[in-house]
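Descriptive analysis of the structure
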Amino acid sequence: MTTAEPLVAGRPVLLRGGTVLTMDDQHTIVDNGDVLVVDDQIAAVGPALEVPENTQVIDATGGIVMPGMIDTHRHMWQTAMRAYGADWTLTQYFVWYYLEHGKTFRPEDIRAGNLTSAWESLEAGVTTTVDWSHGLQSVDHAEAAVDALRAVPGRFVLAYGNIQAGPWEWTADPAVRSFLERLRDDSQLGLQLAFDVTGDPAFPERAAFEVARELGLGVTTHAGVWGATNDNGLKLMHENGFMTPQNIYVHAATLTTDSYQRIAATGGSISVSTESEQSAGQGYPPTWQVRRHDIPVSLSMDTSVWWSGDLFSAMRSTLGADRAREHLEAHMKGATVTHSHLRAEHVVDWATRGGAKALGRDDLGSLEPGKKADVILIKNDASPVSFPLINPYGQVAFQAQRGDVHTVIVDGRVVKSEHRLVGCDLAAVRRDVEATVDYLRSTLGEEAWRNGMNPELPKGEVLDNPYQYTDYKSDSTREARGTIFGEP
């Protein structure tokens, strides 16, 4: 049987004849290999596997079979405003969501964003996504977020947060506490607390950390963000005994060696969102420093209000940023880098095993018998970019994109087949999110809506240059360009 026939739930599935990136401890690659899925587990990996008679076969010839990818930090609710903030800085993001308009989101708007984002994750081969859900102004908002995640056959972790109140306030709310206690025992969704530590010497966040400890929950926090969080917050966490292996430190881009050493010593991990750090201003993507301290790394996309929602982009941008910084540091010393320290193989590991380790999920992140069957097939016979397949890690990190994801399996269930999502009513998802956009737009008013999307350009700076641009450009050309780009 091939995927030309409908796949039947409950029957074994074999991905046959692909290049298998197992991402096991040895990073074993199986050429012309098979992956057998039985129920919710990987049953076998190897060449020419013998399989049960009723096995459904997916032809993986010419493709790459690998573990499902894991995104450890995504503000899923903001996907309702996809690309709205493409030209924002971090300051404008904070003003829009934290101080002004983020509070206008209703529970149904949170649900619409989460639903869109959840399907987007699966479509791009991201089988596990941490919903860094800091738009939960009420338990009703939280219920709506969870309702959306339950409606999509992916694997999700709700990181509960509320940017409209201090974490010591909302964790003390009995309704929030009841919600957390109920969700903590849920077998379908993971749970974390999501809040930041400002560095206030009074350490008001202590109360929230104590709740996390009491409930046995990990804390994910934006650390080392320029102008927002710094070394003082991590020092307070460490000195008060709240830095644990469960903690995920997002961005960690402006920290000192002292903070990296504290993270390394306490077993936490860092979630790097390179597209975000490069564009918004949290600080230079930190992998060039983090790898010196041997701190575990996972990858994340942050938010689709700005950037793409797939980890192919994360891998690509992370390699570029790390290598650019390595070359720059060498050039400043008059030296030359002859071998890149960060390799394509490393970022593929971070996108799979790295995420699994960050979440404490030993049963995810690699293709090994007995592990959960979260599997993706990257194959696109209609694309000339799919061949020749020479370096599979390089193919994944630099050549592949979401449209090349042929098959996605989560917990043994096929959720994307032949490049199409299974069981997704995109028309209904579109209606919900368009209703949210209409509501937000009408609430803000047309002028505020347009202005928020197109922030003012800074005034141009006049440079001291002894040569005249008019030597090759007319005055009218310069004037027109200045109108568009804000140049003098």
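Structure: see above.
Given the structure is predicted, the values throughout are model-derived calculations rather than measurements.

So, about the side chain of Asp404. Structurally, Asp404 is set in the loop between α13 (392-399) and β15 (405-410). One buried charge, Asp404, has no salt-bridge partner; the nearest side chain with opposite charge is Arg316, at 7.2 Å. There is a polar contact of 2.9 Å between the side chain of Asp404 and the side chain of Asn380.

As a packed pair, helix α11 (residues 311-332) and helix α12 (residues 344-358) sit with axes 10 Å apart at the nearest point and diverge in direction by 135 degrees. Taken together, the axes of α11 and α12 are oblique relative to one another. Here α11 and α12 pass one another in a crossing that is right-handed. Each of Leu311, Met315, Thr318, Leu319 and Arg323 in α11 lies in contact with α12, whose residues at this interface are Ala344, Val347, Val348, Trp350 and Ala351.

What follows is about empty space enclosed by the protein. Evaluation of the coordinates by the stated rule reveals one cavity of 30 Å³ or more. Roughly 120 Å³ of internal volume is contained in the largest cavity. Lining the largest cavity are 14 residues, and of these Ile378, Lys379, Val385, Ser386 and Gln395 sit closest to its centre. Here the residues of the lining of the largest cavity sort into five nonpolar, seven polar and two charged.

Most of strand β9 (residues 190-194) is tucked away: four of the five residues are buried. Note that strand β8 (residues 155-160) and β9 share four bridges and pair parallel. If you follow Tyr160 over to β9, its bridge partner there is Leu193.

Bringing the nonpolar core into the picture now. Counting residues in each nonpolar core, the largest one holds 100 residues, and the members touching the most others are Tyr97, Leu158, Tyr160, Leu193 and Met315. Residue contributions to this core peak at six residues, all from helix α3 (residues 139-150). Excluding anything up to four places from it in sequence, Leu193 contacts Tyr160, Trp170, Thr171, Leu180, Ala208, Val211, Ala212, Leu217, Gly218, Val219 and Thr220. Within the second largest apolar cluster, 16 residues are counted, among which are Leu15, Val20, Val30 and Val65.

Conventions we followed
Residues numbered from 1 in each chain as written. Predicted model: local features only at pLDDT ≥ 70, side-chain atom pairs only at ≥ 80, totals over all residues. Heavy atoms only, no water. Helix = DSSP H or I, 4+ residues; strand = E, 2+ residues; numbered from the N terminus. Buried < 20%, exposed > 50% of the residue type's maximum accessible area, 1.4 Å probe, protein only. Lys, Arg positive; Asp, Glu negative; His and termini not counted. Salt bridge = Lys/Arg side-chain N within 4 Å of Asp/Glu carboxyl O. Polar contact = N/O pair within 3.5 Å; in protein donor to acceptor, adjacent residues only side chain to side chain. Axes fitted to C-alpha atoms, helices over the stretch in contact; angles between N-to-C directions. Parallel < 35°, antiparallel > 145°, perpendicular 65-115°, else oblique. Left-handed = near helix turned anticlockwise from the far one by under 90°. Contact = heavy atoms within 4.5 Å. 1 Å grid on protein atoms, 1.4 Å probe; cavity = no way out; pocket = protein on both sides within 12 Å on 5 of 7 lines; lining within 4 Å. Points joined across faces, edges and corners; volume = space filled by probe spheres on them. Nonpolar A, V, L, I, M, F, W, Y, C, P; charged D, E, K, R; others polar. Pairing = 2+ DSSP bridges. Core = buried A, V, L, I, M, F, W, Y, C linked by side-chain atoms within 4.5 Å.

Scope: geometric values only; no functional claims are made or implied.
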